[in-house]
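# Observations on the model geometry
Residues per chain, in single letters:
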Amino acid sequence: MITYNTDGVKMPPIKRRETTAWIKAVAAKYGRKTGEIGYMFVNDEKILEVNREYLGHDYYTDIITFDYDEGDTINGDIVISLDTVRSNAEQLGKEYDDELHRVIIHGILHLCGINDKGPGEREIMERAENEALAMRKG
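Residues numbered from 1 in each chain as written. Predicted model: local features only at pLDDT ≥ 70, side-chain atom pairs only at ≥ 80, totals over all residues. Heavy atoms only, no water.

### Points about helix α5 (residues 121-135)
This is how the line gets drawn: The numbering of helices and of strands both runs from the N terminus, where a helix is a DSSP run of H or I of at least 4 residues and a strand a run of E of at least 2. What a helix should span is 1.5 Å times the count of its residues minus one. Burial status follows relative accessibility: with a 1.4 Å probe on protein chains alone, a residue under 20% of its type maximum counts as buried, one over 50% as exposed, and anything between as partly exposed. It is the directions from the helix axis to the C-beta atoms that the arc portrays. Whether two residues are in contact is decided by their heavy atoms: any pair within 4.5 Å suffices.
Across its 15 residues, α5 extends 21 Å between first and last C-alpha, which sits within 8% of the 21 Å expected from 1.5 Å per residue. Every buried residue of α5 is accounted for by M125, A128, E129 and A132. The buried residues of α5 all sit within an arc of 105° when viewed along its axis, so they share a single face. Where the residues of α5 are buried, they touch α1 (16-29) and α4 (96-111).

### Quick look at the packing of α1 against α4
Spelled out, the test is: In this analysis an axis means a line fitted to C-alpha atoms, helices contributing only their contacting stretch, and an angle means the value between N-to-C directions, from 0 to 180 degrees. An angle counts as roughly parallel when it lies under 35 degrees, as roughly antiparallel when it exceeds 145, as roughly perpendicular when it falls between 65 and 115, and as oblique in every other case. For a crossing to be left-handed, the near helix must be turned anticlockwise from the far one by less than a right angle; the clockwise case is right-handed. The residue classification treats Ala, Val, Leu, Ile, Met, Phe, Trp, Tyr, Cys and Pro as nonpolar and Asp, Glu, Lys and Arg as charged. All others, Gly included, are polar.
Relative orientation of the contacting elements α1 and α4 amounts to 40°, with a least axis distance of 10 Å. On the basis of the axis angle, α1 is oblique to α4. Seen from above, α1 lies across α4 with right-handed handedness. Between α1 and α4, the contacting residues are T19, W22, I23 and V26 on the first element and H101, I104, I105, I108 and L109 on the second. Across the contact of α1 with α4, the residue classes tally to seven nonpolar, two polar and no charged.

### Description of the packing of helix α3 (residues 82-92) against α4
Close contact between α3 and α4 brings their axes to 9 Å; oriented N to C, the two are set at 120°. Classified by the angle between their axes, α3 and α4 sit oblique to one another. Read as a crossing pair, α3 and α4 show a hand that is right-handed. Taken together, the residues of α4 that come into contact with α3 (itself represented by L82, V85, R86, N88, A89 and L92) are Y96, E99, L100 and V103.

### Structural notes on the pairing of strand β3 (residues 63-67)
Consecutive residues of a regular strand have side chains that alternate between opposite faces of the sheet. Note the threshold: Being paired, for any two strands, means DSSP has found at least two bridges between them.
Here five bridges tie β3 to strand β4 (residues 73-81), and the two strands are oriented antiparallel to one another. Looking at the pairing, T65 lines up with I78 of β4. Connecting β3 to the antiparallel partner β4 that follows it, the hairpin turn spans five residues, and G71 within it adopts a positive phi of roughly 60°.

### Observations concerning α4
In this model α4 runs 23 Å from its N-terminal to its C-terminal C-alpha over 16 residues, within 8% of the 22 Å that 1.5 Å per residue would give. Buried residues dominate α4, accounting for 14 of its 16 residues. Positive backbone phi, at 100°, marks G113, one or two positions downstream of α4.

Structure (structure tokens):
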């Protein structure tokens, strides 16, 4: 089951049923099934608190993914700062909705085993994000 919750922010304008179907399709592309995936949409202050408490990082970010995978089933908690998504969209000249969905699927791609920190991995992640976004309906 995929759940969508908020803490300190209004629920973003996502179509939950379509988004869930899209997430499942992207996971299936990587040979994975979706198990328990929880999205938590927050503000910058909350993601900074999560980053400090769980990762020891003292900076803002758009997304933090906690991976609880079991075999070919992806499970995890995905925390997304809507403040950072909005400012990134503005800086990159992208639509907020497009950037939000890129970040939503970024967490799923991490759960599917795609990384973005090592040499050459950022390009692999961007390609995977673009392919996943092309799969999205409407």
